[in-house]
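Listed below, chain by chain, are the residues.
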Amino acid sequence: PYLLSWARLFHSAYSTSIGTFCFMVTNLLGSAVLKWSGMKTIGEDCDFDSLPGLVVIFQILVPILGGIAAIMLFIPNVHQTEPLIDWKKERWYEGEKESEYETSIEDEEGSVSEINGKGLGSEGEKNLV
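1. Things to note about the overall build of the protein
Part 1 of the argument: When helices and strands are counted, the protein shows five helices and three strands.
Part 2 of the argument: Mapped in sequence order, the helices and strands of the protein form the string α-α-α-α-β-β-β-α.
Part 3 of the argument: A fraction of 5% describes how many contacts in the protein between residues 6 or more apart in sequence connect residues 24 or more apart.
Part 4 of the argument: Accessible surface, the protein: about 11800 Å² in total, of which carbon and sulfur atoms supply 63%.

2. Regarding the layout of surface pockets
Part 1 of the argument: Its volume calculated, the largest pocket comes out at about 330 Å³.
Part 2 of the argument: Those elements giving two or more residues to the lining of the largest pocket turn out to be α1 (2-37) and α2 (51-74).
Part 3 of the argument: In terms of residue class, the lining of the largest pocket is built from nine nonpolar, three polar and no charged.

3. Considering the pattern of salt bridges
Part 1 of the argument: Summed over all chains, the structure comprises one salt bridge.
Part 2 of the argument: Between K40 and D45 there is a salt bridge whose closest N-O contact spans 4.0 Å.
Part 3 of the argument: Classification of K40 by relative accessible area gives partly exposed; the value is 44%.

4. Some thoughts on α2
Part 1 of the argument: Over its 24 residues, α2 extends 32 Å from the first C-alpha to the last, a length consistent with the 34 Å expected when each residue adds 1.5 Å.
Part 2 of the argument: The largest bend in α2 comes to about 30°, at L61, with the proline P63 one to four residues further on.

5. Observations regarding the confidence of the model for the protein
Part 1 of the argument: When the pLDDT values of the protein are averaged, the result is 75; 67% of them are 70 or greater.
Part 2 of the argument: Mean pLDDT across the elements of the protein ranges from a minimum in helix α5 (residues 122-128), with 47, to a maximum in α2, with 91.
Part 3 of the argument: Contacts of residues 122-129 to residues separated by more than four positions or lying in other chains number seven contacts, the stretch itself having pLDDT below 50.

Rules behind the numbers
- Note on numbering: residues in each chain are counted from 1, in written sequence order.
- Per-residue local features are limited, in this predicted model, to residues with pLDDT of at least 70; the limit for side-chain atom pairs, both in listing and counting, is 80 or more; totals at the level of whole chains, interfaces and linings are taken over all residues.
- Note that water and hydrogens are dropped before the side-chain values are worked out from all heavy atoms of the structure.
- Runs of H or I in DSSP of at least four residues are treated as helices and runs of E of at least two as strands, each being numbered from the N terminus.
- Residues are treated as being in contact if the distance between any of their heavy atoms lies within 4.5 Å.
- Only the protein chains shown count as cover for residues, with accessible areas throughout obtained via the Shrake-Rupley method and a probe of 1.4 Å.
- In this analysis the probe radius is 1.4 Å and the grid spacing 1 Å, with only protein atoms considered; a cavity is a set of points the probe fits into but cannot get out of, a pocket is an open set with protein on both sides within 12 Å along at least five of seven lines, and lining residues have an atom within 4 Å of a point.
- Grid points are joined across faces, edges and corners, and a volume is the space filled by probe spheres set on the points.
- Each residue is assigned to one of three groups, with Ala, Val, Leu, Ile, Met, Phe, Trp, Tyr, Cys and Pro labelled nonpolar, Asp, Glu, Lys and Arg labelled charged, and all others, Gly among them, labelled polar.
- We define a salt bridge as a contact between a side-chain nitrogen of Lys or Arg and a carboxyl oxygen of Asp or Glu at a distance within 4 Å.
- Summary of the burial criterion: residues with accessible area below 20% of their type's maximum are buried, those above 50% are exposed, and those between are partly exposed, where the area comes from a 1.4 Å probe applied to protein chains only.
- To estimate the expected span of a helix, count its residues, drop one, and scale the result by 1.5 Å.
- Here the bend at a residue means the angle between the axes of two seven-residue stretches, the one that ends at it and the one that starts at it.
- Values of pLDDT, which run from 0 to 100, indicate the predictor's confidence residue by residue.

Written out as structure tokens, the structure reads:
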């Protein structure tokens, strides 16, 4: 439970910082786009003629193009019924004792001489065979 609470705290802080970063970037980009378009929003000579074009570009086209790129990059090209991870190949979830024997090195004669770089005596070879 203690570790879980730290994980939740980290997740909350991480999510908040990403949200703040995205908010700041979009505000800066929005200001730059308004300045680039020549739109005047302050004073008596306000000019909103370029607003419809900006709405079409940045509220419709950019999200569509970004969404298509995200689909191509982040969604795997497999069926929903296919597993994404080959658990037998990965074996990251097993304990160290079991995976220790998987890294054994066999001699030319086929006998096991080392496990993880440590030499074995005759007892170790008997236990493995």
